[in-house]
Amino acid sequence: MNLYLITTSLLADGAAAHGTAAPSPASMFVTAITVFILATFVGFEVITKVPPTLHTPLMSGSNAISGITIIGAILAAGLKLNFITITFGIIAIFFAMINVVGGFAVTHRMLGMFKKKG
Amino acid sequence: MSEAVRNALYLFASICFIIALKRLSHPRTAVRGNVTGALGMLVAIAVTCFVAYENPDISGLGYWLIGIGLVIGSIAGLYLAVRVPMTGMPQMVGLLNGFGGGASLLVAACELIARMGAGDVPTEATAVTEMRFFVGSTMAAGLIGAVTFFGSLVAAGKLQELKWVPSGNVIPAQQLANALLLIATIALSVWATYDLSKLWLFFPMVLLASVLGVFVTTPIGGADMPVVICLLNSYSGMAAAATGFVLNNYGLIIAGSLVGSSGIILCQIMCKAMNRSLGNVLFGKLGTASGGASADDVYGGKVKSASAEELGLLFDGVRRVVIVPGYGMAVSQAQHAVRDLANALEARGATVEYGVHPVAGRMPGHMNVLLAEANIPYDKVKEMDEINSSFDQTDVAIVIGANDVVNPVARTDPKSPIAGMPILDVDKARTVVVVKRSLSPGFAGIPNPLFAAPNTLMYFGDGKKAILDLVAAVKQAG
């Protein structure tokens, strides 16, 4: 649990820093790296000892989460600079949304199969 | 919406993802876990749409395009999720990984083009530093995204058994070529980060990374596919994390790295189950049948085959039966027939359990999903470690389309390509029935002495039809 708290407080710092004076790019990058490393550890911690029954659903569920890149896709599609960025952005939204919706839906379907029997 | 509120909501989404993964790793909370993840994603998307709405650079057309992309993508995703058969799940997950990686690649490309269009190379020290971090992250997102996208397409194509998808080594010395490609992509990335006037290097870099993604995946065979799908899943997370660095968005970084690291853990679990190192899988070190006994030596005159009727009599008075499903069962979609067989045997007073090897099928846990689809109670589905000690008290072990995971050579021949791989000890059962189309070797390409063992009966036939015939025979004999 400690890791969650550390990550959380770091994020709050990062958020506060954004609102006020602009921090130096290097310090922002270091914060980003810190968040990255801590989240990586959280990922390791969170799923140790998964029963094999859940390997496939866990994989497709985490796969859906990797569709978070949809955030970037929406922002990129909105850049509206030229034909290429708009095209790329729309395709990115399309791809990421398939990943997100398909991922969560198919995971739900799989888990439903395990749930049917008591 | 203020930046603080926005980031707080992204943080909320990130916490949802952490809880989602935690819950997804326990059977009782898995459904809630998935819903939690979806909720987090919904919040993240809603916040981002609002950010886009507030952005003065985006006008009416922009909204339309974003909206259309979201709606069409959702419909396509939902359609795929509803339509895909459970046997097709590995391809589906592979394909979705690819879409995630592809999206990250395209986002990185968009951001880069936007910067290139914005004008000159910065000269002020702070701006230069900022730009270096940006370019480095963009190159990383492009590299990982391209490898994930093309690697996943090849993997999904191979799993779908599309004939035109390349398989095996496409060019001579492919391993060397891959190493060179990797070095070249990294070199181009470093170059562009160093010399900020050469941002266009991104495009040749992505081209090389795409080729790398294809080349890395083509030589990997069926049995290693679970690991590859898992690894690509991990990559798709890392690509998202790299995109987070490009956009300086902590929500993306957290969600991406969570997926990246949890994917790597699953890979490790799987490699351990096969007694292989990740490196071995990636560089295709699993030798083909070199040394060891030839098929003729192993099988010559020793293989006994039986018909459904003969087998029906065999089950007379048996008390304990263990069914071992393998990839062959998945291919012939025999899981429902297998359940009927178990019911017929139970009706005759036998206890039936299922022994599942961790890497049976084409995706970790794939067999469990297939058995669950056929309404087989999961307390009867045992893991390898759990069931192995009970084979010597088992009357009949029925192996359906599994090969390497029941090959006793793994225990006996240290020179064999599967030496040391933990296997299901079906050979210790009183009688072994192997349902298989022919004596053809499994992925490891070696003959299986189990098939010629004195206590083994081969039951040749296509999985589903063979099992249905057997069900009829068992019912008739009973």
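Residues numbered from 1 in each chain as written. Chains lettered and ligands numbered in written order. Predicted model: local features only at pLDDT ≥ 70, side-chain atom pairs only at ≥ 80, totals over all residues. Heavy atoms only, no water.

### A closer look at the overall build of chain A
For chain A, the count of helices and strands is five helices and zero strands. Helices (α) and strands (β) of chain A occur, in sequence order from the N terminus, as α-α-α-α-α. Expressed as a percentage of the 118 residues in chain A, the buried residues total 56%. When contacts within chain A are restricted to residue pairs at least 6 apart in sequence, those whose partners lie at least 24 apart make up 70%. Approximately 4,500 Å² of chain A is accessible, and the part contributed by carbon and sulfur atoms is 73%. (Helix = DSSP H or I, 4+ residues; strand = E, 2+ residues; numbered from the N terminus. Buried < 20%, exposed > 50% of the residue type's maximum accessible area, 1.4 Å probe, protein only. Contact = heavy atoms within 4.5 Å. Areas by Shrake-Rupley, 256 points an atom, 1.4 Å probe, with all protein chains shown as cover.)

### Remarks on the overall build of chain B
Scanning chain B from N- to C-terminus turns up 18 helices and six strands. Viewed in the frame of its principal axes, chain B has a C-alpha envelope of about 85 × 45 × 35 Å. Within the span of chain B, comprising 478 residues, buried residues form 56% of the whole. Look at the contacts in chain B between residues 6 or more apart in sequence, and 78% of them connect residues 24 or more apart.

### With respect to helix α7 (residues 202-217) of chain B
Residue and element names in this part refer to chain B. The end-to-end C-alpha distance of α7, which contains 16 residues, comes to 23 Å, matching closely the 22 Å that a straight helix rising 1.5 Å per residue would cover. When α7 is considered as a whole, its buried residues turn out to be Phe202, Met205, Val206, Ala209, Ser210, Leu212, Gly213, Phe215 and Thr217. Where α7 is buried, its residues touch α4 (89-118), α5 (125-159), α6 (174-194) and α8 (225-247). (Expected span 1.5 Å × (residues − 1).)

### Points about the side chain of B:Asn178
With respect to the helices and strands, B:Asn178 occurs in helix α6. With sequence-adjacent residues up to four places away left out, B:Asn178 is seen in contact with B:Leu212, B:Phe215 and B:Val216.

### Describing the interface of chain A and chain B
If you look at the interface, chain A gives 90 residues, while chain B gives 111 residues. Taking both sides of the interface into account, the surface hidden between chain A and chain B amounts to around 8,900 Å²; carbon and sulfur atoms contribute 80%. There are zero salt bridges connecting chain A and chain B. When contributions to the side of chain A that touches chain B are tallied by element, the ones reaching two or more residues are α1 (2-19), α2 (25-46), α3 (55-66), α4 (70-77) and α5 (83-115) of chain A. When residues of the side of chain A that touches chain B are assigned to their parent elements, the largest contribution, 30 residues, is made by α5(A). In terms of residue class, the side of chain A that touches chain B is made up of 56 nonpolar, 28 polar and six charged. (Buried area = accessible area lost by both parts, 1.4 Å probe. Salt bridge = Lys/Arg side-chain N within 4 Å of Asp/Glu carboxyl O. Nonpolar A, V, L, I, M, F, W, Y, C, P; charged D, E, K, R; others polar.)

### Quick word on the confidence of the model for chain B
Residues and elements named next belong to chain B. Confidence in the prediction for chain B averages 87 pLDDT; 96% of positions are at 70 or higher. Confidence, read as mean pLDDT per element, is least for helix α10 (residues 278-282) in chain B (69) and greatest for α7 (95). Below pLDDT 50 for its whole length, residues 286-291 participates in ten contacts with residues either more than four positions away or in separate chains. Here the complex is predicted with pTM 0.84, and the ipTM for its interfaces comes to 0.84. (pLDDT = per-residue confidence, 0-100.)

### Concerning the state of the cysteines
Residues and elements named next belong to chain B. In this structure the tally under the stated criterion is zero disulfides over all chains. Between Cys110, a cysteine without a disulfide, and Cys49, which holds the nearest cysteine sulfur, the sulfur-to-sulfur distance is 16 Å. Here Cys230 is not cross-linked by a disulfide; its sulfur's nearest cysteine counterpart is in Cys267, at 3.9 Å. (Disulfide = S-S within 2.5 Å.)

### Considering the packing of α2(A) against α5(B)
Axis separation between α2(A) and α5(B) bottoms out at 8 Å; the angle between their running directions is 30°. Considering the angle they form, α2(A) stands roughly parallel to α5(B). For the pair α2(A) and α5(B), the contacting residues are A:Pro25, A:Ala26 and A:Phe29 in the first and B:Thr126, B:Thr129, B:Glu130, B:Phe133 and B:Ser137 in the second. (Axes fitted to C-alpha atoms, helices over the stretch in contact; angles between N-to-C directions. Parallel < 35°, antiparallel > 145°, perpendicular 65-115°, else oblique.)

### Quick look at the pattern of salt bridges
All names here are of chain B. Applying the stated criterion to the full structure yields 15 salt bridges over all chains. For the salt bridge of Glu3 with Arg6, the shortest nitrogen-to-oxygen distance reads 4.0 Å. You can see Glu3 and its partner Arg6 sitting in helix α1 (residues 3-24), three residues apart, about one turn around the helix. Given the relative accessible area of 31%, Glu3 is considered partly exposed. Between Asp395 and Arg430 there is a salt bridge, and its shortest N-O distance comes to 2.7 Å. Of this pair, Asp395 sits in the loop between α16 (384-387) and β4 (396-400) while Arg430 sits in the loop between α17 (409-412) and β5 (431-436), and the two are 35 residues apart along the sequence. You can call Asp395 buried: its relative accessible area is 9%.

### Section: the environment of B:Ser307
Along the chain, B:Ser307 falls in the loop between α11 (295-299) and α12 (308-314). Sequence separation of B:Ser307 and B:Arg6 is 301 residues, and the distance between their C-alpha atoms is 68 Å.

### Some thoughts on the nonpolar core
Taken as a class, soluble globular proteins show a tendency for nonpolar side chains to be buried jointly. B:Val321 and B:Ile398 are the most contacted members of the largest nonpolar core, which has 166 residues in total. Among the elements that make up this core, the one with the highest residue count is α5(A) (16 residues). Contact partners of B:Val321, with chain neighbours within four places excluded, come to B:Phe315, B:Leu345, B:Ala350, B:Thr351, B:Val352, B:Glu353, B:Thr394, B:Val396 and B:Ile398. Within the second largest apolar cluster, 27 residues are counted, among which are B:Ala109, B:Val128, B:Leu181 and B:Leu212. (Core = buried A, V, L, I, M, F, W, Y, C linked by side-chain atoms within 4.5 Å.)

### Describing α3(A)
Residue and element names in this part refer to chain A. When the terminal C-alpha atoms of α3 are compared, their 16 Å separation across twelve residues agrees well with the 16 Å that a helix rising 1.5 Å per residue should span. The element α3 is extensively covered by neighbouring structure, given that twelve of its twelve residues are classed as buried. Restricting attention to buried positions, one finds in α3 the residues His55, Thr56, Pro57, Leu58, Met59, Ser60, Gly61, Ser62, Asn63, Ala64, Ile65 and Ser66.

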